[in-house]
Amino acid sequence: MKPSFIFSVIALAAIVVAASFGVQLSPHNAVAVPENLTPQVLYVCPASGGMWDQIASVFRQFGRYITIGFFFAVMILVFNWGWAMYQNLLNDKFKRESFSNVWKFTKFTFWAGVIVLILTMTPNHFKVVHVKGASGDWTLCEANSPGARATLKSNVER
């Protein structure tokens, strides 16, 4: 592989990991909470509502239909693999070209599934919560995240 390609892959992986786990280069000051309330407090931040969250919410509206379509494609894929193998068994010899279209369909189905999964499962998807008495969506965050607010555990709902 070319060094520039390897660097690109490593940089992309580092960006995804840093964004997913909230790694910050310059951390903010933590929210001050009295010692007696520390075990009863969760920290929440306003949900970003950025471009990726909007794309994910559009995809989630059609999630059931996307799942149905994906499993339909997988069933067709399994049938195509079986048919190609059956044809080779009938001829009693292996013909590589009979698997070329099936392999292309396999790769297309795999990558389409990966792309849709990435678009629907943003990092905030698993952290979104609702806070009683507050409007909008919130995400669980750390005490030193920008915009963090302390709230009682009993006020936080999934």
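Structure shown above.
Quick summary incoming for the structure in this document. The structure displayed is predicted, hence computed values, not measured ones.

1. Some points on the packing of aromatic side chains
Applying the stated criterion across every chain yields a total of six aromatic pairs. On the numbers, 6.3 Å between centres and 75° between planes, the contact of W81 with W103 is edge-to-face. Placement of the pair is W81 in helix α3 (residues 63-91) and W103 in helix α4 (residues 100-120), with a sequence separation of 22 residues. When the centroid spacing of 5.6 Å and the interplanar angle of 40° are considered together, the rings of W83 and Y86 count as tilted. With a gap of three residues between them, W83 and Y86 both fall in helix α3, about one helical turn apart.

2. Remarks on the pairing of strand β2 (residues 128-131)
Consecutive residues of a regular strand have side chains that alternate between opposite faces of the sheet. Burial along β2 is one-sided: V129 and V131 are buried, and none of V128 and H130, which face the opposite way, are. Across two bridges, the pairing between β2 and strand β3 (residues 138-140) is antiparallel. Paired with V129 across the two strands is W138, which belongs to β3. Hairpin geometry of β2 and β3 is characterised by an intervening segment of six residues between the two adjacent antiparallel strands and by a positive phi of about 85° at G133. Of the strand pairs in this sheet, β2 and strand β5 (residues 156-157) are connected by two bridges, and their pairing is antiparallel. Its bridge partner being in β5, H130 is matched across the sheet by E157.

3. Side note on unusual backbone geometry
Of note, the phi angle at D92 is positive, near 60°, even though the residue is not glycine. Along the chain, the position of D92 falls in the loop between α3 and α4. Judged by its relative accessible area of 69%, D92 is exposed.

4. Considering the pattern of salt bridges
A full pass over the atoms with the stated rule returns one salt bridge. In this structure, K132 and E157 form a salt bridge, with 3.9 Å as the shortest nitrogen-oxygen distance. Residue K132 is located in the loop between β2 and β3, and its partner E157 is located in strand β5; the two are separated by 25 residues in the primary sequence. Taking the relative accessible area as the measure of exposure, K132 reaches 46% and is therefore partly exposed.

5. Observations regarding the environment of G82
Relative to the assigned elements, G82 resides in helix α3. The class for G82 is partly exposed, based on a relative accessible area of 35%. Taking the C-alpha atoms as reference points, G82 and K132, separated by 50 residues in sequence, lie 54 Å from one another.

Calculation notes
- Residues numbered from 1 in each chain as written.
- Predicted model: local features only at pLDDT ≥ 70, side-chain atom pairs only at ≥ 80, totals over all residues.
- Heavy atoms only, no water.
- Phe/Tyr/Trp six-rings, centres within 6.5 Å; stacked < 30°, edge-to-face > 60°.
- Helix = DSSP H or I, 4+ residues; strand = E, 2+ residues; numbered from the N terminus.
- Buried < 20%, exposed > 50% of the residue type's maximum accessible area, 1.4 Å probe, protein only.
- Pairing = 2+ DSSP bridges.
- Salt bridge = Lys/Arg side-chain N within 4 Å of Asp/Glu carboxyl O.

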